[in-house]
Amino acid sequence: MYYVYCLRNKKDKSFYYGYTSDLKRRIKEHGSLWQLVYYEAYLAEPDARLRERKLKDYGQARSKLKGRIS
């Protein structure tokens, strides 16, 4: 299983998007300043990688996700 996730910085409220096969480990690696606010699960790594790329590169995908989070 692969996960695309969105973290929010507790200080400046910025967002970070990434993908991983171990969500719990990855969140710990980011540190205590970041809070998990959203994630999606995928069976195949290429699907998760593509979704992460769309969130990082395309404003519309990112703004729709931010609307879902709010």
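Look up a bit, the structure's there.
Each value, and the rule that gives it
- In this convention, every chain numbers its residues from 1, walking through the sequence in written order.
- Reporting in this predicted model follows two pLDDT cut-offs: at least 70 for local features of residues, and 80 or more for side-chain atom pairs to be given and counted; totals over whole chains, interfaces and linings ignore these cut-offs and use all residues.
- Just so you know, side-chain values use all the structure's heavy atoms and leave hydrogens and water out.
- Put simply, a nonpolar core is a bunch of buried Ala, Val, Leu, Ile, Met, Phe, Trp, Tyr and Cys residues held in one set by side-chain atoms that sit within 4.5 Å of each other.
- The rule is simple: take the accessible area with a 1.4 Å probe, protein chains only, and divide by the maximum for that residue type; under 20% is buried, over 50% is exposed, in between is partly exposed.
- Put simply, DSSP H or I for four residues or longer makes a helix, DSSP E for two residues or longer makes a strand, and each gets a number counted from the N terminus.
- We call two residues in contact whenever any of their non-hydrogen atoms come within 4.5 Å of each other.
- Here the arc refers to the directions that run from the helix axis out to each C-beta atom.

### Thoughts on the nonpolar core
Soluble globular proteins: nonpolar side chains tend toward being buried together.
Then, in step 1: Judged by nonpolar contacts, Val-4, Cys-6, Tyr-17, Tyr-38, Tyr-42, Ala-48, Leu-55, Ala-61, Leu-65 and Ile-69 together constitute the single largest core of ten residues.
Then, in step 2: Contributions of two or more residues to this core are made by strand E1 (2–9), strand E3 (34–42), helix H2 (45–57) and helix H3 (59–69).
Then, in step 3: The biggest single contributor to this core is H3, with three residues.
Then, in step 4: Sequence-distant contacts of Val-4, that is, excluding residues within four places in its chain, are made with Gly-18, Tyr-19, Tyr-38, Tyr-39, Glu-40, Tyr-42, Ala-48, Arg-51, Glu-52 and Leu-55.

### Here's the deal with H3
Then, in step 1: Restricting attention to buried positions, one finds in H3 the residues Ala-61, Leu-65 and Ile-69. All buried residues of H3 fall inside an arc of 75° around its axis, so they share one side. Counted as exposed and oriented over 90 degrees from the buried face of H3: Gln-60 and Lys-64.
Then, in step 2: Residues of H3 that are buried in the fold lie against E1, strand E2 (15–20), E3 and H2.

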